[in-house]
Amino acid sequence: MNQRISIAGTVTVPGDKSISHRAVMFAGLADGASRIRGFLHAEDTLRSAAMMRALGASVDFVSPTDVKVVGQGMRNLSEPADVIDAGNSGTTIRIGAGLLAAQPFLTIVTGDPYLRRRPMGRVIKPLASMGATIVARAGGSLPPLCIRGGNLKGIRYEMPVASAQVKSALLLAGLYADSPVTVVEPMLSRDHTERMLTAMGARIVRDGRSVTVHPATTLSASDFSVPADISSAAFFLVLAACVPGSCVRLPCIGMNPFRTGVVDVLRRMGATIDEENARDEGGEPVSDLVVRGAALRATDIVPEEIPGLVDEVPALCIAAAFAEGRTEIRGAQELRVKESDRIRSMADALTALGVRCGEYPDGMWIEGPSRIAAGVRCDSRGDHRVAMSLAILSVASGIGIGISDTACIDTSFPTFHAQLAGLRP
Ligand code: S3P
């Protein structure tokens, strides 16, 4: 093991990415002026803001994190004059597809080279069965998407993969359908869409693994308060957890019960994570988290846990590299179609750094504690969560790691490096 220096301090984590995307999109469909406080001002969420502007909503930044959105109502969007560029953002293009499938005009949505490699059949198929016409590359599976929407009918759809993006796209399209839309999830995923649309007046009913949305004519303008993103907090939770003697405070973290798997896993590995001032903010549970490091032990992350920590697996790989024993992660095949193939990206980087690890088709194993090799250069593969995971590994191990392409961090956490630098040894 390398020499590790404990860290202490408070980290300000930016607004939740999932909620920020939804807030700007849903506000753009409402009647009148909404306000979003705590908005994540990052490349991904700005793509959703730009999409809503292109559709005729006005989106004004009172400050980088305080947004005023004036919608013209659900049925008064206008045909965009140009192609919409979702950049790197899967959430913009997938949830956006649900919204656009309901509009009686043509929209073309594209993205950066990484997004143009990500599967879209999972939203195209059910939206087409509701009556939308969607044409896409590679036999209808890859962006750009060409969407001519309108005249949707209600469906009952059993989702083959657990995906909050797909569920949200269908719920949004369902608001415009001629009868209710029921989505059956294989495993429960984050429910921000259900919470937010309900608060805006939509009728959404949950029954076990099914969720039904009833058609609506209006959504009311709202004040949204966005908690800090637990998926961004995860990098600092892991960093503090794997260095004994560390203590880091993370205020105002969103604790949606479908997002807190990373906290459960780190506790199981031996870290202490206290939840203080538990409260409700803007319809979501929020707590101040205090994490204390320890000598970690390995754990098994099982398939049922994956939806609750899907974006946190790269960070948890770093905890596993410091933990005593063999950590197994299974049921995580969705990671292969994220911003990069995250199983491959992490396994390649960790192997190059001297960590004993290997891939499964649906996950990986990692043996620790590992000695991190010096002088190695790793490739983030343009994936923000891979880049941030390697950056915390470098700090936690005290070994400089060269990371190619850290600019991608701006897609979700533009202040990451500043927050990392602000922690004192
Ligand atoms: C998200 C859902 C997850 C997650 C993504 C954000 C969302 O994707 O990985 O970063 O905002 O709904 P899937 O829906 O593909 O699981």
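Going by the structure above, here's the rest.
Since this is a predicted model, take the numbers as computed values, not measurements.

A. Geometry of the side chain of threonine 45. Mapped onto the elements of the fold, threonine 45 is located in helix α2 (residues 43–54). Filtering out sequence-adjacent residues up to four positions away, threonine 45 remains in contact with Lys17, Ser20, His21, Phe39 and Leu40.

B. Geometry of the nonpolar core. Membership of the largest hydrophobic core comes to 77 residues, with the highest contact counts inside it found for Phe236, Leu250, Leu266 and Phe416. Of the residues forming this core, the biggest block, 10 residues, is contributed by helix α8 (residues 230–241). When sequence neighbours within four positions are dropped, the list of residues in contact with leucine 250 reads Val11, Val13, Ala233, Phe236, Leu237, Ser287, Asp288, Leu289 and Val291. Of all hydrophobic cores here, the second largest spans 68 residues; its members include Ala23, Met51, Ile147 and Val211.

C. Region of the structure containing helix α3 (residues 90–100). Within α3, 11 of the 11 residues are buried, which leaves the element mostly enclosed by the surrounding structure. In this structure, the buried residues of α3 make contact with α1 (17–29), α2, β6 (106–110), α4 (121–129), β8 (142–148) and α6 (164–174).

D. Main features of the pairing of strand β20 (residues 363–368). Burial runs high along β20: five of the six residues are buried. The hairpin turn running from strand β19 (residues 356–360) into β20, its antiparallel successor, is two residues long.

E. Structural context of the site of the ligand. Ser18, Arg22, Thr91, Arg94, Ala162, Ser163, Ala164, Gln165, Arg190, Val310, Asp311 and Lys338 make up every residue found near the ligand. Between the ligand and serine 18 there is a distance of 2.7 Å, counted from an oxygen atom to a side-chain nitrogen or oxygen. Here alanine 164 contributes a backbone N or O atom positioned 3.0 Å from an oxygen atom of the ligand. With the chains in place, 94% of the 380 Å² that the ligand exposes on its own is no longer accessible. Only α1, α3 and α6 provide two or more residues apiece to the shell around the ligand. Here the shell around the ligand is built from residues that sort into three nonpolar, four polar and five charged. The residues that make up the shell around the ligand include at least three from each of domain 1 (8–15 + 227–422) and domain 2 (17–225).

F. Main features of the packing of α3 against α4. As a packed pair, α3 and α4 sit with axes 10 Å apart at the nearest point and diverge in direction by 10 degrees. As judged from the angle between their axes, α3 and α4 are roughly parallel. In this structure, α3 uses Arg94, Ala97 and Gly98 to contact α4, whose residues at the interface are Arg122, Val123 and Leu127.

The rules behind the values
- Residues numbered from 1 in each chain as written.
- Predicted model: local features only at pLDDT ≥ 70, side-chain atom pairs only at ≥ 80, totals over all residues.
- Heavy atoms only, no water.
- Helix = DSSP H or I, 4+ residues; strand = E, 2+ residues; numbered from the N terminus.
- Contact = heavy atoms within 4.5 Å.
- Core = buried A, V, L, I, M, F, W, Y, C linked by side-chain atoms within 4.5 Å.
- Buried < 20%, exposed > 50% of the residue type's maximum accessible area, 1.4 Å probe, protein only.
- Pairing = 2+ DSSP bridges.
- Near = heavy atom within 4 Å.
- Polar contact = N/O pair within 3.5 Å; in protein donor to acceptor, adjacent residues only side chain to side chain.
- Areas by Shrake-Rupley, 256 points an atom, 1.4 Å probe, with all protein chains shown as cover.
- Nonpolar A, V, L, I, M, F, W, Y, C, P; charged D, E, K, R; others polar.
- Domains from an automatic or database assignment.
- Axes fitted to C-alpha atoms, helices over the stretch in contact; angles between N-to-C directions.
- Parallel < 35°, antiparallel > 145°, perpendicular 65-115°, else oblique.

Purely spatial values, then, with no claim about function.
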